[in-house]
There are 2 protein chains.
Amino acid sequence: MRLSRYFLPILKETPKEAEIVSHRLMLRAGMIRQESAGIYAWLPLGYRVLRKIEQIVREEQNRAGAVELLMPTIQSADLWRESGRYDAYGREMLRITDRHERDMLFGPTNEEMITEIFRAYVRSYKDLPLNLYHIQWKFRDEVRPRFGIMRGREFLMKDAYSFDVDKESARHAYNRMFVAYLRTFHRMGLKAIPMRAETGPIGGDMSHEFIILASTGESEVFCHKDILDLPIPGADTDFQADLSPIVSAWTAPYAATDEMHDKAAFDAIAEDRRVTARGIEVGHIFYFGTKYSEPMKANVTLSDGTETPVHMGSYGVGVSRLLGALIEAHHDDDGIIWPTSVAPFHVGLVNLKTGDAATDAACEDLYAQLENAGVEVLYDDEDTRAGAKFATMDLIGLPWQLVVGPRGLKDGIVELKNRSSGERVSLSPQEAVNRLVADIKG
Amino acid sequence: MRLSRYFLPILKETPKEAEIVSHRLMLRAGMIRQESAGIYAWLPLGYRVLRKIEQIVREEQNRAGAVELLMPTIQSADLWRESGRYDAYGREMLRITDRHERDMLFGPTNEEMITEIFRAYVRSYKDLPLNLYHIQWKFRDEVRPRFGIMRGREFLMKDAYSFDVDKESARHAYNRMFVAYLRTFHRMGLKAIPMRAETGPIGGDMSHEFIILASTGESEVFCHKDILDLPIPGADTDFQADLSPIVSAWTAPYAATDEMHDKAAFDAIAEDRRVTARGIEVGHIFYFGTKYSEPMKANVTLSDGTETPVHMGSYGVGVSRLLGALIEAHHDDDGIIWPTSVAPFHVGLVNLKTGDAATDAACEDLYAQLENAGVEVLYDDEDTRAGAKFATMDLIGLPWQLVVGPRGLKDGIVELKNRSSGERVSLSPQEAVNRLVADIKG
C-alpha cells in the first residue's frame, strides 16, 4: 500500500479524553475514531489489525472443530421472554421497537437464539457433539463507556456454543475450547493465563477467564511462575483425543484474578515462584448445563428413546477488545510494537527523498519484490520530512522499517530497523528483501 | 469438512412461505434460517458463500484503489440532523433511544458518517482523490420484507464513498468503480449489465445500476445484444489510467430497466440484436456532488488557498442479496449450481458405504490429498442411503461430486460428476485428484 493513496490520519497531539495507553495510541495512530460515546469507526489501519485478529480466532475455532455461522444482530424480544431473560437483563440491553410495534433488541449475546436454531433442527444424540460459533458485532449500552474500544458499546465478539448429550461430553467440548484459546492468544503474541472464574449457581470447575498479562492491565492477577513456562499445544493437536491432560497441566498451578484470589494459597507458594502482575480479560469459557435448553425445550432423543435437555457451554473472545489488549501488552514510549501475526503491515518502506529518481526507483523495486513475495508493505512515498516519517513508523509499530535514501544507495545499502529490538543494520537491497521474506514468510 | 461434524440442516419439504426459487433453495439447503420477519441467521453453508462473495467484492475494491474501513452500525441522530435527512428519511430507518435518552439509529446507509470522518481529517486537495469503503451489516425496516435475503431487513452491503476536488476528478473515481463492478460480478460467474439510472436533481449521466441476468429476475430489462459480448477488463487493468474508453464501450449500447425504458430507442435496434430479459439489481453507483459536503461543511483547500466543498459519489453492492441473485441465475430442478469462485466447497466427496474398510480408506485418502492441495471438500461420511446423499449433493450444488463405492473400487475406479453439465466420468482415484486440482487450483 502506498501511503499517498492510503488513509492514515495521524494525530500530532495526544488526545485528552484517552485515559489509557491503548486508547491514546489507537487515536494517535489513526486506527479508530469515536462517532458517539463508546461507538467507534475502525479506520483503515485499525481495521486491518482487527481482521487479522479475527482470522486467527476463526482458524483456531475451526481447528478445534467448531463450525462457523452468523446470527443476526437484531433479535426478537419473544426469544428472550422464553428464557426469562428479557425482563432480567438490565438497561445494558438496547431495546428497540420496529415499525410494526414489535419488541426487538440489539443482541448483547446469543444463547437464546442459538438454542432456538439448535432445537429447530437437531433431534438426536447422534448429531452431537456440536459447537457453533460466530464472530459478530454486539451492543451493550454501558452506562459509562471508556478506555476506547476496551469498554465500548459496539464491539466485536466471537461466541461459540457447545451442545452435548451430558455433562461428561460437555467437559470434552469445554476442553477443546480451553486448548483452542491457549493457541489463539499465543499466536497473537500474547501470554494468556486461564484463571478459574465464578460459575454462579451451576458450580463446578468449568468456568475460566483467559487473562493476558500487560503492564498497564486493568486488574491485578496472581499466579504461580510455572504457568508462564507451560508449553502451548501445537497445531497438530488432535482435538478428537482426550485433552484433559493439557487442561490439567494448565489448571494445576495457582492462578487467580483479584476477585477469586486466595491469599493463603498464594502465600503457600515459594516466594520466588509467586507472580503478581496486571492483566486484561480477553476470553471467558463457561459450562452452563441446561440453563437455556430446559426452559426453551431444546431436547435430544437418547439411544434408549428417552429425551434429555441438551448440555450447553458458551465460549467468548473479545475480538475488538483484543486490539486494545495487544497494544497494552506491546508498546513503548514511541508507539505500538505489533507482533508480526497481527501487524497491519509487515514492513514500513521509508523513502527518504521522494522525487529523487534513484531513490524512487530503488523503493519501487523493493516494494514490488516484497509484495510479490507476499510481504505486506506500507510504502511511505510522500514528500515529507524524514523525522516525521520515522515518528509515524514508530507510532504505528510495524515490525520492520526499511529505510532508503540517496546517500546509502550510493554505497549500495539500505537500512533495516527492527521496531521491537530497535536494532538497525545496513545491507544491500537484495539482502534486505531476503531477510524480510525469510522473517515474514519463513 | 466432514459432514458428520458439520451442521447442514437439509429440509425435505419445500417451505411454503418461500415465493421465489432462491429463497426456497436456501431454506432447503440449510443455508439460512428466519429468526424474525426479514431477519435471518446465516447457517454454516450459507455463511461460507457469503464470505466468498464478500472477499471477491473486497479484492476488486482494493484493486481499484478503494481503502477499507468499518463504520459502526449504531449512529447518532445528530449527524443526520446536520444533513437534513433525519426527518426526511422514512419509517424504514430503525430509530433507537439509548439509556441516556439520546436519539440513535441503526444505520441504513453511511453518507453522513463518512462525510464526518472525512471532514475531521482531510484539509487539502493534495490528499485527494480518496475512496473509502466498508462491508457492513445494515438495517432497513421494510414494511413487507420478502423473498428471503433478497429483500430482508438486516443485510450486508458494500458501500464505497469517493471524495474528489471537482466533478471532472469525480468522473475518474466513478469510472474506477464502474470497472471494478464489471470485474466483481464477472468473477462470481454473473452476467452483469450497467444500466443508466435516475440521477435525481443532480442530473447528468453518472448513475448506473448493475443488473444481473437471471431467468427468474425481479424485473424486466432491455438491452442491445452487443453488450452481452463485451470483454471484461482484466486483472491487469491500470486503475490510475483513463478508464473512460471502457466505460464508453459499456454505456454505448442500449441497456435499460423497465423504469428507464425508451421503447422508441429499443425498437430502433435491429430485431435480432434486441434482448428482453429478467434482471436483478445487485449494485448501484452514483455521483451526488456536494449534496452532503455542503451542509456538513466538508471542504478542502485548493492550491490557490480557496476552499471548496468536496465532490462525492457512493457505490453500493448488495453483498447478501448477491447470494440470492446467484441462485436465481444458477439453479435447476435439483437445486443450486454454484460457480466455483463462490461455491461453499469445491467438491462433495460421497462415501457410498460408510463402515466398509476399503471404501473408508479410499475416501480418507482422497479427502486428505484434496485438502492438502487446497481443494475444499465436503466429505459425506455419514451412514445414510446413497439416494439421499446424491439428492443432498445436487441440492447444495457443489461444482463437483466425487463418488466412491466398494464396487467401483474393486475395478480401481471412482466416479466424478460435474454438477453443472451433469457429465459423469469413471477414472482412477489419482486421476480424479489430478483433474480436480487442475480444475480448482489451475
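All figures in this text were calculated on a predicted structure; none of them were measured in a lab. (Residues numbered from 1 in each chain as written. Chains lettered and ligands numbered in written order. Predicted model: local features only at pLDDT ≥ 70, side-chain atom pairs only at ≥ 80, totals over all residues. Heavy atoms only, no water.)

Draft legend 1. Quick peek at the sheet that holds strand S22 (residues 414–418) of chain B. Residue and element names in this part refer to chain B. The five strands lie next to each other as S20-S19-S21-S22-S23, forming an open sheet whose pairing is mixed. Strands at the two margins of the open sheet, each flanked by one partner only, are strand S20 (377–380) and strand S23 (424–427). Within the sheet, the average angular offset between the axes of one strand and its neighbour, ignoring direction, is 20°. When S22 meets S23, the two strands line up antiparallel, connected through four bridges. Along S23, the bridge assignment pairs Glu 415 with Ser 426. (Pairing = 2+ DSSP bridges. Helix = DSSP H or I, 4+ residues; strand = E, 2+ residues; numbered from the N terminus. Axes fitted to C-alpha atoms, helices over the stretch in contact; angles between N-to-C directions.)

Draft legend 2. Examining the side chain of Asp381(A) more closely. All names here are of chain A. Among the structural elements, Asp 381 can be located in the loop between strand S20 (377–380) and helix H11 (386–396). Buried charged residue Asp 381 carries no salt bridge. Nearest counter-charge: Arg 2, at 4.5 Å. Those residues in contact with Asp 381, other than ones at most four positions away along the chain, are Arg 2, Leu 3, Ser 4, Thr 354 and Lys 389. (Buried < 20%, exposed > 50% of the residue type's maximum accessible area, 1.4 Å probe, protein only. Lys, Arg positive; Asp, Glu negative; His and termini not counted. Salt bridge = Lys/Arg side-chain N within 4 Å of Asp/Glu carboxyl O. Contact = heavy atoms within 4.5 Å.)

Draft legend 3. Broad picture of the sheet that holds strand S22 (residues 414–418) of chain A. All names here are of chain A. Reading across the sheet, the five strands line up as S20-S19-S21-S22-S23 and stay open at both edges, with mixed pairing between neighbours. What marks the edges here is a single partner per strand, and that holds for S20 and strand S23 (424–427). Neighbour to neighbour, the strand axes of the sheet diverge by 20° on average, direction disregarded. Bridging between strand S21 (residues 400–404) and S22 involves four bridges; their strand directions are antiparallel. Bridge pairing in S22 places Gln 401 opposite Lys 417. Strands in contact with helix H10 (residues 357–372) are strand S19 (347–351), S20, S21 and S22; relative to S20, the strand with the most contacts, it is inclined by about 170°. Contacts from H11 reach S19, S20, S21 and S22, with the element oriented near 175° to S19.

Draft legend 4. Quick peek at the relation of the copies chain A and chain B. Overlay of chain A on chain B (RMSD 0.0 Å): rotation 180°, translation along the axis 0.0 Å. Given the turn and translation reported, the copies of this chain are related as if by a two-fold rotation axis. Closest to the rotation axis within chain A is the C-alpha of Ile96(A), separated from it by 3.0 Å. The share of interface residues of chain A whose copies in chain B are also at the interface is 100%, consistent with both copies meeting through the same surface. (Least-squares fit on C-alpha atoms with pLDDT ≥ 70 in both.)

Draft legend 5. Here's a closer look at the pairing of strand S9 (residues 192–196) of chain A. Residues and elements named next belong to chain A. Counting buried residues along S9, four of its five residues qualify, which places the element largely inside the surrounding structure. Note: S9 against strand S10 (residues 207–213), five bridges, orientation antiparallel. In the strand pairing of S10, Ile 193 is matched with Ile 211.

Draft legend 6. Spotlight on the environment of Glu307(B). Residues and elements named next belong to chain B. By secondary structure assignment, the location of Glu 307 is in strand S15 (residues 307–309). Residue classification places Glu 307 among the exposed residues on the basis of a relative accessible area of 55%. With 183 residues separating them along the chain, Glu 307 and Ser 124 place their C-alpha atoms 8.9 Å apart. Apart from residues lying up to four places away in sequence, Glu 307 is in contact with Asn 299, Val 300 and Thr 301. Within the structure, the side chain of Glu 307 is placed 3.5 Å from the side chain of Asn 299, a separation counted as a polar contact. (Polar contact = N/O pair within 3.5 Å; in protein donor to acceptor, adjacent residues only side chain to side chain.)

Draft legend 7. Inspection of the domain arrangement of chain A at higher detail. All names here are of chain A. On domain assignment, one finds that chain A holds domain 1 (3–335) and domain 2 (345–441). At the interface, 14 residues of domain 1 touch 13 residues of domain 2. Counting the surface lost from both domain 1 and domain 2, the interface buries some 1,200 Å², and carbon and sulfur atoms represent 61% of this. Sorting the residues of domain 1 by area buried against domain 2 places Leu 3, Arg 48 and Asp 334 first, and these three jointly supply 39% of that buried surface. Mapped onto the side of domain 1 that touches domain 2, the elements with two or more residues apiece are helix H1 (21–28) and helix H2 (44–63). Take the side of domain 1 that touches domain 2: its biggest share by element is three residues, from H2. (Domains from an automatic or database assignment. Buried area = accessible area lost by both parts, 1.4 Å probe.)

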